[in-house]
Amino acid sequence: MVASITIDERKFIQNVHHVVKDQPVMAVVKNDAYHFGLEFAVTSFIEAGITTFATTSLQEAIRIRQLSDAVYIFLMNASVHFDLLKQYDIAMTMPSLSFYNEYKTQLAGIKVHLEYENLLHRSGLKDQTEMEVLLKSNDEQPSEQQLIVDGIWTHFGYADEFDVEEYQIERNDWLTCLEYVLNLGYQFNYIHAQNSASYVREDGMLNQHTHARLGIILYGSRPYSTLPTTITEQNFTVSANVIQVRDIKQGETCGYSFQFTADKDCLIAVVDIGYGDGILKTRAKHDALINGKRYPIRGLMMSHMFVEVDTTVKSGDTVTLYSNNIRIDEYTFKGVGANSEQISALNHHSLIKEIIT
Ligand SMILES: Cc1ncc(COP(=O)(O)O)c(C=O)c1O
């Protein structure tokens, strides 16, 4: 018996249908599709009707193209591999006016989306004036030397924050910028800004936008805590096994360096999963599910954990760390780490990975 991660492909696709409904969505598949596996996620999303993808790595963008000639691919980080961008028909962000000025000549014929920097300050043109300068400069080039401005976009850094006004600020600044550029008479095939949190809190797409650019909600986690769990279903399970159950006497310690000291006689299940499999230390401050009941985790080692159990638990019982009944997002809202942080930590080399089709 070994710890495993199991993904239910049918349910995953059904859930994408449920989240997306009939809205045009650009699926974010960066970092190996939030660690679900790029090939698995892209083919599942295509089956669910999504035909537009975004990632941060050129290598991933090329792998998406190798999976389908029919999809649109947007690279959210700029690349100077202009030959590959053209060869694989990949659109990319325009990250700054200085990038445009530096690579103006090589950018001829490349599809770009103008990025608005906004409050995140990670990348992008500063404001609508810089966008206008770039657009007009591009217009002045002979047509065969122009870049193809196919889209315009921003990213919200505060859409899951409700106690501060930053989301309203970044939203309004972006809408002002967009309105300004549209009023100059430019048109874009792709206008996108909303991540999962923004998409849900706006109850769908903002006006004039062509796509919502969604990540975590497609993968089954809620972007903020006040949402019902029915908004998205978690379709993967991380489980392990009870190796043995040991009697521990009051005052005895278990694990390395006094990790757990029993304050009463108790039963400790030794379980075959640990931080080496990607279970975060912060996650081990909480509980695990055994035979439908939650039990407290008492210690975490590289390949084992201790769970305090009762007499109903036996060796060979399954211990669930994550499933739709003990969800990633529950622990996100308990402060364990972001949804994507918990998912990314899982070690797909040590866990047995199974996709149920
Ligand atoms: C630029 C960009 N757009 C969209 C997303 C998707 O965000 P979420 O997973 O919150 O939907 C991300 C994720 O970090 C991102 O970096």
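Data block above holds the structure.
Residues numbered from 1 in each chain as written. Predicted model: local features only at pLDDT ≥ 70, side-chain atom pairs only at ≥ 80, totals over all residues. Heavy atoms only, no water.

**Student:** Lay out the overall build of the protein with the relevant residues and their values.
**Tutor:** When you go through the protein residue by residue, the secondary structure sums to eleven helices and 18 strands. By its C-alpha atoms, the protein is 80 × 40 × 40 Å across when sized along the principal axes. Buried positions account for 54% of the 357 residues belonging to the protein. Sequence separation of 24 or more characterises 65% of the internal contacts of the protein that already satisfy a separation of 6 or more. (Helix = DSSP H or I, 4+ residues; strand = E, 2+ residues; numbered from the N terminus. Buried < 20%, exposed > 50% of the residue type's maximum accessible area, 1.4 Å probe, protein only. Contact = heavy atoms within 4.5 Å.)

**Student:** Please provide a residue-by-residue account of the side chain of Arg171, values included.
**Tutor:** As for its position among the elements, Arg171 is in helix H8 (residues 166-183). Each residue touching Arg171, except ones within four places of it in the same chain, is listed here: Phe156, Glu202 and Leu206.

**Student:** Describe the site of the ligand, with residues and values.
**Tutor:** Taken together, the neighbourhood of the ligand is formed by 13 residues, with Tyr34, Ser196, Arg213, Gly215 and Ile216 sitting nearest. At a separation of 2.8 Å, a nitrogen atom of the ligand approaches a polar side-chain atom of Arg213. Contact distances for the ligand include 2.8 Å between an oxygen atom and a backbone N or O atom of Ile216. In isolation the ligand exposes 400 Å². Once the protein is present, 86% of that is buried. Broken down by secondary-structure element, the contributors of at least two residues to the shell around the ligand are helix H2 (30-34) and strand S9 (212-214). (Near = heavy atom within 4 Å. Polar contact = N/O pair within 3.5 Å; in protein donor to acceptor, adjacent residues only side chain to side chain. Areas by Shrake-Rupley, 256 points an atom, 1.4 Å probe, with all protein chains shown as cover.)

**Student:** How would you explain the pattern of salt bridges if you had to name every residue and give the values?
**Tutor:** Evaluated as defined, the whole model comprises 15 salt bridges. In this structure, Glu308 and Lys264 form a salt bridge, with 2.9 Å as the shortest nitrogen-oxygen distance. Of this pair, Glu308 sits in strand S16 (residues 305-309) while Lys264 sits in the loop between strand S12 (260-261) and strand S13 (266-271), placing them 44 residues apart in sequence. By sharing partners, the salt bridges in this structure join Asp287, Arg294, Glu330 and Lys334 into a single network. (Salt bridge = Lys/Arg side-chain N within 4 Å of Asp/Glu carboxyl O.)

**Student:** Give a detailed account of the sheet that holds strand S8 (residues 190-192), specifying residues and quantitative values.
**Tutor:** Taken in spatial order, the eight strands make up an open sheet running S8-S7-S6-S5-S4-S3-S2-S9, and their pairing is parallel. The open sheet has two edge strands, S8 and S9, and neither has a second partner. The average angle at which neighbouring strand axes cross in this sheet is 25 degrees, direction not considered. One ladder, built from three bridges, connects strand S7 (residues 148-154) with S8; its direction is parallel. In the strand pairing of S8, Gly151 is matched with Tyr190. Each of strand S6 (111-116), S7 and S8 touches H8; the most contacted strand, S7, lies at about 160 degrees to it. (Pairing = 2+ DSSP bridges. Axes fitted to C-alpha atoms, helices over the stretch in contact; angles between N-to-C directions.)

**Student:** Give a detailed account of the nonpolar core, specifying residues and quantitative values.
**Tutor:** Ranked by internal contacts, the top residues of the largest apolar core, which has 113 residues, are Phe45, Leu107 and Leu218. Counting contributing residues per domain, this core is built from domain 1 (9-221) and domain 2 (236-323 + 325-356), each supplying no fewer than three. Not counting chain neighbours up to four residues away, the residues in contact with Leu107 comprise Phe82, Met92, Met94, Phe99, Tyr100, Val112, Gln146 and Leu147. Counting residues in each nonpolar core, the second largest holds nine residues, with Cys254, Ala262, Ile268 and Phe306 among its members. (Core = buried A, V, L, I, M, F, W, Y, C linked by side-chain atoms within 4.5 Å. Domains from an automatic or database assignment.)

**Student:** For helix H1 (residues 9-20), give the residues involved together with the corresponding values.
**Tutor:** Here H1 contains twelve residues, and its C-alpha end-to-end distance of 17 Å stays within 8% of the 16 Å for a straight helix at 1.5 Å per residue. Glu9, Phe12, Ile13, Asn15, Val16, Val19 and Val20 are the residues of H1 that are buried. All buried residues of H1 project into a common sector of 160 degrees when viewed along the axis, lining one side. Turning to H1, the residues buried within the fold contact strand S1 (4-8), strand S2 (25-28), helix H3 (38-47), helix H9 (196-201), S9 and strand S18 (352-356). Residue Asp8 occupies the N-cap position of H1, its side-chain oxygen lying 3.3 Å from the main-chain nitrogen of Arg10. (Expected span 1.5 Å × (residues − 1). Arc of directions from axis to C-beta.)

**Student:** An account of the packing of aromatic side chains is needed here, citing residue identities and associated values.
**Tutor:** Tallying each qualifying case throughout the model produces 17 aromatic pairs. Here the aromatic residues Phe12, Tyr34, Phe36, Phe40, Phe45, Phe53, Tyr219 and Phe236 are joined through ring pairs into a cluster of three or more. The lysine or arginine in question, Arg201, covers the ring of Phe162, its NZ or CZ lying 4.0 Å from the ring centre. Its guanidinium or amino end placed over the ring of Tyr331, Arg283 lies 3.8 Å from that ring's centre, counting from NZ or CZ. (Phe/Tyr/Trp six-rings, centres within 6.5 Å; stacked < 30°, edge-to-face > 60°. Lys NZ or Arg CZ within 6 Å of the ring centre and 35° of its normal.)

**Student:** Go over the environment of Tyr88 with me, naming the residues and quoting the values.
**Tutor:** In this structure, Tyr88 sits in the loop between helix H5 (82-87) and strand S5 (90-94). What makes Tyr88 buried here is its relative accessible area of 18%. Look past the residues within four positions of Tyr88 in its chain and what remains in contact with it is Ile62, Arg65 and Gln66.

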